[in-house]
Amino acid sequence: MLEASDLECRRGARLLFRALAFQLRPGELLRVAGENGSGKTTLLKILAGLLVPDAGEVRWGGAPIRSLGEEYARQVAFVGHAPALKDELSAAENLAAACAIAGAPASGGAAAEALARFGLAADAVPVRRLSQGQRRRAALARLALSPAPLWLLDEPFAALDAAAARVASELIARHVSAGGAVAYSTHQEAAIPGTAQRVLDLA
Amino acid sequence: MNATIRWFWFASPQTFFPLAGTIARACGWLAVPLAAAGLYVGFFVAPTDAQQGEAYRIIFIHVPAAWMSMFLYVVMAFWAAVGLAFNTRLSAMLASAIAPTGALLTFLALWTGSLWGRPTWGAYWVWDARLTSELILLFLYLGFMALQASIEDPRRADRAGALLAIVGVVNVPVIYYSVQWWNTLHQGASVSLTRAPSMAAAMLAGMLLMALAFWMYGLWASLTRLRCIIRERERA
Amino acid sequence: MTAALRALLWRDLLVALRRPSDVATALLFFVVVASLFPLGTGAGPNLLREVAPGVIWVAALLSSMLSLQRLFAADHADGTLEQLVLGASPLGVAAAAKVLGHWLVSGLPLVAIAPAIALQYDLSPRLYGTLALSLLLGTPVLSLIGAIGAALTLGVRGGGVLLALLVLPLYVPVLILGAGSVAQASAGLAPDAQLELLGALLAVSAAFAPWAVAAALRIAME
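Residues numbered from 1 in each chain as written. Chains lettered and ligands numbered in written order. Predicted model: local features only at pLDDT ≥ 70, side-chain atom pairs only at ≥ 80, totals over all residues.

J.: Tell me about the overall build of chain A, and name the residues and values.
T.: The number of helices and strands found in chain A is seven helices and nine strands. Expected size for 203 residues packed as a compact globule is a radius of gyration near 17 Å; at 17 Å, chain A falls within 12% of this value. Once the C-alpha set of chain A is aligned to its principal axes, its extents read approximately 50 × 35 × 35 Å. Across the 203 residues that make up chain A, the buried fraction comes to 46%. (Helix = DSSP H or I, 4+ residues; strand = E, 2+ residues; numbered from the N terminus. Rg over C-alpha atoms; globule rule 2.2 N^0.38 Å. Buried ≥ 20, exposed ≤ 12 C-beta atoms within 10 Å, placed from the backbone.)

J.: Can you explain the interface of chain C and chain A? Please cite residues and give values.
T.: Across the contact, 22 residues belong to chain C and 23 residues belong to chain A. Of all the elements in the fold, those that place two or more residues in the side of chain C that touches chain A are α1 (2-18) and α4 (80-85) of chain C. With eight residues, α1 of chain C is the largest single contributor of residues to the side of chain C that touches chain A. Residue composition of the side of chain C that touches chain A, grouped by class: 12 nonpolar, four polar and six charged. (Contact = placed C-beta atoms within 7 Å. Nonpolar A, V, L, I, M, F, W, Y, C, P; charged D, E, K, R; others polar.)

J.: Explain the sheet that holds strand β9 (residues 198-201) of chain A residue by residue, including any values.
T.: Residue and element names in this part refer to chain A. With parallel pairing, five strands are arranged side by side in an open sheet as β6-β7-β8-β3-β9. Because the sheet does not close on itself, it has two edges, and the strands there are β6 (76-79) and β9. Ignoring strand direction, the axes of neighbouring strands in this sheet form an average angle of 15°. Sheet topology places β6 next to strand β7 (residues 150-154); four bridges connect them, and they run parallel. Paired with Val76 across the bridge in β7 is Leu150. (Pairing = 2+ DSSP bridges. Axes fitted to C-alpha atoms, helices over the stretch in contact; angles between N-to-C directions.)

J.: Lay out the pairing of strand β3 (residues 29-33) of chain A with the relevant residues and their values.
T.: The two faces of the sheet receive side chains in turn, since in a regular strand these alternate between them. All names here are of chain A. With four bridges joining them, β3 and strand β8 (residues 181-185) adopt parallel strand pairing. Looking at β8, one finds that Arg31 is bridged to Tyr184. Bridge count between β3 and β9: four bridges; the pairing is parallel. Pairing of Arg31 across the sheet is with Val199, part of β9.

J.: Outline the packing of helix α4 (residues 89-121) of chain B against helix α7 (residues 201-233) of chain B, listing residues and values.
T.: All names here are of chain B. In the contact formed by α4 and α7, the axes pass within 8 Å of each other and the chain directions differ by 135°. In terms of orientation, α4 lies oblique with respect to α7. Two packed elements cross with a definite hand, and for α4 against α7 that hand is right-handed. Facing α4, whose interface residues are Met93, Leu94, Ser96, Ala97, Ile98, Pro100, Thr101 and Leu105, α7 presents Phe214, Gly218, Ala221, Ser222, Arg225, Leu226, Ile229, Ile230 and Arg233. Each residue belonging to the contact of α4 with α7 can be placed in one class, and the counts come to 11 nonpolar, four polar and two charged. (Parallel < 35°, antiparallel > 145°, perpendicular 65-115°, else oblique. Left-handed = near helix turned anticlockwise from the far one by under 90°.)

Below is the structure:
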């Protein structure tokens, strides 16, 4: 279970949020809402352990994530703004490398299946020649193969068309109903059908 | 519990601000008579050197400046490390405040060393081992200042500079010894006093007085600069 | 964990393989710089033979610095650096793997090309072994120390030149020992001391630099 208490963060001289506290239990879906620049990305990065907050702490299962280190990293799948794909490699090669680096190597067949679910072919086309939407889909395909219980997604529906957005929300819904926890940010009013979600408004 | 509170009491920039002013003023006032005494001893009391004549007297500025430049680098690295370890803003600000003074003293050491080399060896720069090490120390100071200047976020600048200072201070002995070895290999000229078995007491006294004077100057300059940095950063 | 590191190393090598121009440019720079010196100083054979170790080593330094900018910048831009921090391996170990990949592509080729430059300078062939060994021991140290600088200047304005200013003073011992070993050998003496010291520098930097790189990366990611 993820627990944030008394989080405070400044960017330069601007205060983004303070005294922020919430919990995220298994099977829960949390939508982080707010305008551009309200600190959604910063909050997700703090939850992932990429940034250190100016005050407060994040705990996983009671222990502060600062002291858990790689143990916590294995529990988290983070998809940020940038799709984390190497331009020179194909989507399949990127996926295989990303899974191995995250500690959960995936077979070629599993990778191809995950890509197919998002409508991508496991061919040798370098990511450089894919569209923005295709790149985002390739980045999200990693979630299908990740054993991590906690998903932190920054604007997962950006650049996705309706069909791909449906696949993504199905994936998220299935993960939540299987007992995983998901926190995602969006400044659209996207609702994930079939699942209740809490909203954390940073505005 | 009381000891911890007292230890961190002055770690707040606001609290330290007036104290810094007091210490700076005291050191500034001390520096003047110390420098006067040191220069008097150096230029009038110390005996003439057997081989180098009067020209050697520049060491009364050169050597203390060099000592202080190395001392200040270690002090700077120490406060930078403290700031990194305990996440205190003031320590990092102090490290940033020391750097320009350290760089200035290093430059002074290089300049006076070069002026010393001219009458002694006929050239302004002879790749003497110690002068070359001082030159590299100047680059280390300038690198620290440049890194902090080019990072916009002050906290990131503090931490990045601190890491660089720590890496630098660890490397300084390695650099020093490798340059020493390089110098012996190439039989370079050495800008130093003749190898007298004991330095005349007056010479030593003069250099120590000047060293203290530079130390007081260093404290005055760094703390005054620290007050400026505190004013700048804590405005928000 | 080793599977993760192997995947990381393999990915880096694959990217470098498919982007040969990046790699080749730095190596070409090495050759060009070394070729410029005689044009500046005159091509007297005795002079060239004497300055050859120093010139080759300075050229290796500069080439290494040029290629260091690529080390983390691309990963930072496309988001793979974040995934590295969130990976299964400790960041220090992952950083070491990245530096290894960088050295295999940018440092090791210098060891192979150096004899050709030595030929240009008419360096005695019996010194080629010492030259190659000094570069083999020294270039990984350059990559390791340089990686700290590359991580500190990640995303910073004027990064390339700033990186040079930060890292060149720290390179001085490697330069002195590396060039000195060849100079020692050319004087007919055994270069053992210098090479052993280079080996020691390599061992110490391999042990400590990755953690400094990891700390610098975390600082840079804020």
